[in-house]
Structures are given as C-alpha cells and as structure tokens.
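Overview (structure and organization)
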Amino acid sequence: MSQKAMVPAGAGNRNGGQLYPPPLASHENIVNDQNLFRECLKNFHSVMGTKYTVPVIGGKELDLYVLYVEVTKRGGFDKVVEEKKWREVSSVFKFSPTTTSASYALRKHYFTLLHRFEQVYFFRRETPLLDKTPVSQSFQAEGTIDGKFDCGYLVSIKMGSEVLNGVLYHPNQPAAPSSSKSTAQNCSAIVPYNPPPHHHSGRRNRRRKGGDPNRPKPNRSGYNFFFAEKHSMLKSLYPSREREFTKMIGESWNNLSPEEKRVYQDYGVKDKERYQKEMKEYKERMQITSCY
C-alpha cells in the first residue's frame, strides 16, 4: 500500500481538548420524553461539530431513543460490551430474520452517535476521557501506511534517523488494548483486508505458471478473511513471533461472538457467489473459444 503522509503530533485526538457541552436536561427527563431526547441529541452533535444522521437497519430507520434507553438501562455502552449484552439489546427491536449482524450494527451506531452523548447525559462528564493527557509540543514526521485493517492503519513513522512502527486507530472506533485477544474482540471487520500476493517458490510456483491466468481466483472462507486481516496486524505488532500467529489467530477466532463471526462469514458467502458467477462466465468463454 505504502502511502506517504505528514503526521502532526496529537492528530489522533478528535476533540483536541474540547469540553463537552453542558446537558440541556437530566437523564431522567430525556428517557421519559422522546421529543426532548431527540432535541438534545441534535443540539449535542451540532455543538460538537459531529455528523448526525439516523441510520437504517433492515430497511427501517433505527430508533435512537429506544437504543439509548435500552443501553443506559443496562449500565451504559462499556458495561454492555463487557457483559456481551448486545444480542439482548437487539432483541428489543424485533429485526426481521433476514437482518444479519444486527447486534454488531447497533454497537457501531451507538458508539458513533450516542457514546459521547451518554458521557454527558448519563455519566454527567464534562471532559472527554482521552483529553486528560496534555498534548506535547507539535512537530511533523513523515509516515508510511503499510497496511489497512478495520479499525485503522498499520504505519511506519520516521523521526530523524529513527523509524517507529505502530497502529493508528480511527477516531470513531475504540482503541484496542495491546493484547492480541482483546484486539480481536474489539475490532470487527467492516471491509475485508486483501493482502499482497505471496510469491511461492518450488513445485507449487511452477504449477501456477502453467495454469490459465484468466481462470477466476478461488473463493475464500470467512475464516480466511479473518486470518488475513489479523495476520497483517500481528506481523506489525509482533514481527519476531510469526511462528505463533496461527495459534494466536485461531484462539482469537474462537473468542469471537456469533455476531462478530457472522461478519466474516458473510464475506465468505459473497466471495463464493463471486467465484461461482465468474466460473460460469469463464466456462462459457472457454466453450465459445473451443468452437473456433
């Protein structure tokens, strides 16, 4: 991938030390009045300068009021994540059976649209937690994007003669702890990572050279997508432990919830459909060619 970028210090802090706006009403009042809740939520996003849109799940607009009430009733976003109650929250909405990964979608939309709002109205916080650390003096460094995964980018930063490797997380996703197990649980793929092609030597490589380059690429399973994404991330974090990656990734896969696994499995289903369609077209072309 290897893209160049100038990275200023403190760029990862979206709010830049900005205080939360004061609440316009109490938590008790907004959970008892839908109109008041929506008015306060729109005002909050307007003051914070963040985008406010009502997401659609299963062809219907998501009721953010119900989502907020159900999550705060269970102790707030962090507690629902810790106790794995997103499926319980999802059951309140009675989504159709064809709506897959509803729990994952609710968690994502809540974090984007309601998590900061929850900090102010439910927990009565005045300052974003990440802004308590003072920002050091600004400087510029040249960075290279080495890879992309669901929560951000794998990067190399050059500071003088020193090169640092690390991970940059999207500001609208929670930064995962350093352990591979926690990373796998907190980061669910949105777009599958497509690794660069590997160059094999020996008999296997010679066999590929003799094949038809126009033949469709075989489909991958959901686990294959998960493996490729996590392997790239682990390689950047633990370059000297590559022999352990297969075991680490297998354990991470087993620790995923059914909803989180379904995200990857859906990619596998779509890739299988892609392969079947391309193979059908390929065979038709081969039959036409053989007639001449």
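Preceding block: the structure.
Everything numeric here is computed off the predicted structure, so don't read it as measured data.

A separate point is the packing of helix 10 (residues 222–237) against helix 11 (residues 245–255). Interhelical geometry of helix 10 versus helix 11 gives an angle of 125° and a closest axis separation of 10 Å. By the angle class used here, helix 10 and helix 11 are oblique. For the pair helix 10 and helix 11, the sense of crossing is right-handed. Every residue of helix 11 that contacts helix 10 at Gly222, Tyr223, Phe226, Phe227, Lys230, His231, Leu234 and Lys235 is listed here: Phe245, Thr246, Met248, Ile249, Gly250, Ser252 and Trp253. Among the residues making up the contact of helix 10 with helix 11, the classes are represented as eight nonpolar, five polar and two charged.

It is worth spelling out helix 3 (residues 64–73) at this point. Counting buried positions along helix 3 yields eight of ten residues, so the element is predominantly enclosed. Three or more residues of helix 3 are buried, namely Leu64, Tyr65, Leu67, Tyr68, Val69, Glu70, Val71 and Thr72. Where helix 3 is buried, its residues touch helix 1 (27–31), helix 2 (34–48), helix 4 (77–82), helix 5 (86–93), helix 6 (102–113) and helix 7 (115–121). Where helix 3 begins, the side chain of Asp63 points an oxygen toward the backbone nitrogen of Tyr65, at a separation of 3.1 Å.

Formed by 31 residues in total, the largest nonpolar core has its most connected members in Ile30, Phe37, Leu67, Tyr68, Trp86, Leu114 and Phe117. Only helix 1, helix 2, helix 3, helix 4, helix 5, helix 6 and helix 7 provide two or more residues apiece to this core. If we ignore the near neighbours within four places in the chain, the residues touching Tyr68 are His27, Ile30, Val31, Phe37, Tyr110, Leu114, Phe117, Glu118, Tyr121 and Phe122. Listed in part, the 13 residues of the second largest apolar core include Phe225, Met248, Trp253 and Leu256.

It is worth spelling out helix 6 at this point. Residues spaced three or four apart along an α-helix point in a common direction, a consequence of the helix completing one turn every 3.6 residues. Between the first and last C-alpha of helix 6 there are 16 Å, a value that for twelve residues agrees with the 16 Å anticipated at 1.5 Å per step. Burial analysis of helix 6 places ten of its twelve residues in the buried class, which makes it a mostly covered element. For helix 6, the complete set of buried residues consists of Ala102, Ser103, Tyr104, Ala105, Leu106, Arg107, His109, Tyr110, Phe111 and Leu113.

Looking at the secondary structure, you find His115 in helix 7. We classify His115 as buried; its relative accessible area is 14%. Residues in contact with His115, not counting those within four places in the same chain, are Phe77, Asp78 and Tyr110.

Attention now goes to the environment of Phe77. Mapping Phe77 onto the fold places it in helix 4. Accessibility expressed as a relative area gives 4% for Phe77, which makes it buried. Note: C-alpha distance between Phe77 and Gln119 (42 residues apart in sequence) is 9.6 Å. Ignoring sequence-local partners within four residues, the contact set of Phe77 consists of Val71, Trp86, Arg107, Tyr110, Phe111, His115 and Glu118.

Another aspect to go through is the environment of Ser103. Topologically, Ser103 is positioned in helix 6. Spatially, the C-alpha atoms of Ser103 and Glu260 are 8.7 Å apart, while their sequence positions differ by 157 residues. Apart from the residues within four sequence positions on either side, Ser103 is in contact with Trp86, Arg87, Ser90 and Glu259.

What follows concerns the packing of aromatic side chains. The full count for this structure, using the stated rule, is 20 aromatic pairs. Taking the centre distance of 5.0 Å and the plane angle of 90° together, the rings of Phe226 and Tyr264 count as edge-to-face. Of this pair, Phe226 sits in helix 10 while Tyr264 sits in helix 12 (residues 258–290), and the two are 38 residues apart along the sequence. In terms of burial, Phe226 and Tyr264 fall into one category: buried. Geometrically, the ring pair formed by Trp253 and Tyr264 is edge-to-face, given 6.2 Å between the ring centres and 65° between the ring planes. In this pair, Trp253 sits in helix 11 while Tyr264 sits in helix 12, placing the two residues eleven residues apart along the sequence. Here Trp253 falls in the buried class, since its relative accessible area comes to 13%. Members of the aromatic cluster, each reached through a chain of ring pairs, are Tyr20, Phe37, Phe44, Tyr65, Tyr68, Phe117 and Tyr121. Just above the ring of Phe123 sits the side chain of Arg125; from NZ or CZ to the centre is 4.8 Å. Here Arg220 stacks its cationic end above the ring of Phe225, 4.3 Å away from the centre of that ring.

So, how was this worked out
- Residues numbered from 1 in each chain as written.
- Predicted model: local features only at pLDDT ≥ 70, side-chain atom pairs only at ≥ 80, totals over all residues.
- Heavy atoms only, no water.
- Axes fitted to C-alpha atoms, helices over the stretch in contact; angles between N-to-C directions.
- Helix = DSSP H or I, 4+ residues; strand = E, 2+ residues; numbered from the N terminus.
- Parallel < 35°, antiparallel > 145°, perpendicular 65-115°, else oblique.
- Left-handed = near helix turned anticlockwise from the far one by under 90°.
- Contact = heavy atoms within 4.5 Å.
- Nonpolar A, V, L, I, M, F, W, Y, C, P; charged D, E, K, R; others polar.
- Buried < 20%, exposed > 50% of the residue type's maximum accessible area, 1.4 Å probe, protein only.
- Polar contact = N/O pair within 3.5 Å; in protein donor to acceptor, adjacent residues only side chain to side chain.
- Core = buried A, V, L, I, M, F, W, Y, C linked by side-chain atoms within 4.5 Å.
- Expected span 1.5 Å × (residues − 1).
- Phe/Tyr/Trp six-rings, centres within 6.5 Å; stacked < 30°, edge-to-face > 60°.
- Lys NZ or Arg CZ within 6 Å of the ring centre and 35° of its normal.

The values are spatial; any link to function lies outside them.
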